[in-house]
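Examining the three-dimensional arrangement
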Amino acid sequence: MRLLQAEELFRKVLEGGSKKKAARLLGLDVGSKYVGLAVSDEKNRIALPLSVLSRTKTNINLMADDFKTLASKYSLAGFVVGYPFNLHGQHSSDAVQVRLLAGELYQTGKLDDLCYTYWDENFTSKCVEALLHPLNLKNRDEAKTMTDKFAAVCILQGYLDNMNRKLRPSDKSDA
């Protein structure tokens, strides 16, 4: 796994999309117990909820295997990892969990052909919680799973919107 700047990863995705199958991205909302996942559509314009992985101190190899399987299944070029910056644009205390996971995944050596970038995740979980609140989900685990999944959607969608605005050629026929 190699860390790239946000624009560099998206350029790689656009270039990789000229092959038989489009290159896609996986959004990650990293928490201390769970990692919410979202995947981009084949045109890298829309983020879709995928699943949630359980995170423990001993399952990093299983997580790397899961990511490898997802990379193959969805033709992933890389990951957009939610990164908690504070309101002044500096690393927040929660950023340690994110860097720890990225480092552990790197150390497995199973994802060497993939790249990742960090993307600001400020308030994504809080926004999703507010959106899900009217559903009145009674099952606490289900509510947490939904929150993590859709927080990953928010992270990835924010990245896709920004990168498409900045880097994609303005070809109206592709919309």
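Along each chain, residue indices are assigned from 1 in the same order as the chain's sequence is written. Per-residue local features of the predicted model are confined to residues with pLDDT of at least 70, and side-chain atom pairs are confined, for both listing and counting, to 80 or more; whole-chain, interface and lining totals are unaffected and use all residues. Calculated side-chain values reflect all of the structure's heavy atoms, with hydrogen atoms and water omitted.

1. Focus: the overall build of the protein
- Put simply, DSSP marks the helices as runs of H or I at least four residues long and the strands as runs of E at least two long, and each gets a number from the N terminus on. When you go through the protein residue by residue, the secondary structure sums to five helices and six strands.
- When the helices and strands of the protein are placed in sequence order, the string is β-α-β-β-β-α-β-α-β-α-α.
- Surface accessibility follows the Shrake-Rupley procedure with a 1.4 Å probe radius. Residue values consider only the protein chains on display as shielding. When the accessible surface of the protein is split by element, carbon and sulfur atoms take 53% of a total near 9,900 Å².

2. Remarks on the environment of Val39
- Tracing the chain through its elements places Val39 in strand 3 (residues 34-40).
- Burial classes: relative accessible area under 20% of the type maximum marks a residue as buried, over 50% as exposed, and values in between as partly exposed (1.4 Å probe, protein chains only). Val39 gets classed as buried once you look at its relative accessible area, which sits at 3%.
- Placed 10 residues apart in sequence, Val39 and Pro49 show a C-alpha to C-alpha distance of 6.5 Å.

3. Here we look at the pattern of salt bridges
- Just to be clear on terms, a salt bridge is a Lys or Arg side-chain nitrogen sitting within 4 Å of an Asp or Glu carboxyl oxygen. Evaluation of the coordinates by the stated rule reveals three salt bridges.
- One salt bridge connects Lys166 with Glu7, and the closest N-O pair in it is separated by 2.9 Å. Here Lys166, found in helix 5 (residues 140-167), pairs with Glu7, found in helix 1 (residues 6-16); they are 159 residues apart in sequence, far enough to count as distant.
- Judged by relative accessible area, which is 52%, Lys166 ranks as exposed.
- For Lys68, the salt bridge is made with Asp113, and the minimal N-O distance between the two is 3.2 Å.

4. With respect to the side chain of Glu121
- The residue Glu121 is located in the loop between strand 6 (115-120) and helix 4 (124-132) in this model.
- In this analysis, two residues are considered to be in contact whenever any of their non-hydrogen atoms come within 4.5 Å of each other. Glu121 has contacts with Asp29, Gly82, Tyr83, Pro84 and Ile155, leaving out every residue within four places of it along the chain.

5. Overview of the nonpolar core
- Put simply, a nonpolar core is a bunch of buried Ala, Val, Leu, Ile, Met, Phe, Trp, Tyr and Cys residues held in one set by side-chain atoms that sit within 4.5 Å of each other. Core analysis: the biggest nonpolar cluster contains 28 residues, and Leu26, Leu28, Phe67 and Phe79 have the highest contact counts within it.
- A per-element tally of this core places helix 2 (residues 60-74) first, with seven residues.
- The residues touching Phe67, leaving out its near neighbours within four places in the chain, are Leu26, Leu28, Leu37, Leu53, Phe79, Leu105 and Leu111.
- Core analysis: the second largest hydrophobic core is formed by 20 residues, Phe10, Val80, Ile155 and Leu160 among them.

6. With respect to the packing of aromatic side chains
- Ring pairs shown here join Phe, Tyr and Trp side chains whose ring centres sit within 6.5 Å, with only the six-membered ring taken for Trp; geometry is labelled stacked below 30 degrees between planes, edge-to-face above 60, and tilted in between. Taken as a whole and assessed by the stated rule, the structure comprises five aromatic pairs.
- A centroid spacing of 5.3 Å and a plane angle of 85° characterise the contact between Trp119 and Tyr159, whose relative ring orientation is edge-to-face. With a gap of 40 residues between them, Trp119 in strand 6 and Tyr159 in helix 5 connect regions that are remote in the sequence. Per residue, the accessibility class of Trp119 equals that of Tyr159, and both read buried.
- Cluster of aromatic residues (ring-pair linked, three or more members): Phe10, Trp119 and Tyr159.

7. With respect to the pairing of strand 5 (residues 76-83)
- The buried count for strand 5 comes to eight of eight residues, which makes it a mostly enclosed element.
- Here strand 5 pairs with strand 6 via six bridges, running parallel. Looking across to strand 6, one finds that Tyr83 is bridged to Asp120. Strands are labelled as partners when DSSP assigns at least two bridges between them.

8. Description of the sheet that holds strand 2 (residues 24-30)
- As summarised here, the arrangement of the six strands in space is 1-6-5-2-3-4, forming an open sheet in which the pairing is mixed. With one partner strand each, in any of the chains shown, strand 1 (2-3) and strand 4 (47-54) form the two edges of the open sheet.
- One ladder, built from five bridges, connects strand 2 with strand 3; its direction is antiparallel. Looking at strand 3, one finds that Leu26 is bridged to Val39.
- Against the sheet, helix 2 makes contact with strand 2, strand 3, strand 4 and strand 5, and its axis sits at roughly 155° relative to strand 4, the strand it touches most. The axes are straight lines fitted to the C-alpha atoms, using for helices just the contacting stretch, and the angles between their N-to-C directions are given from 0 to 180°.

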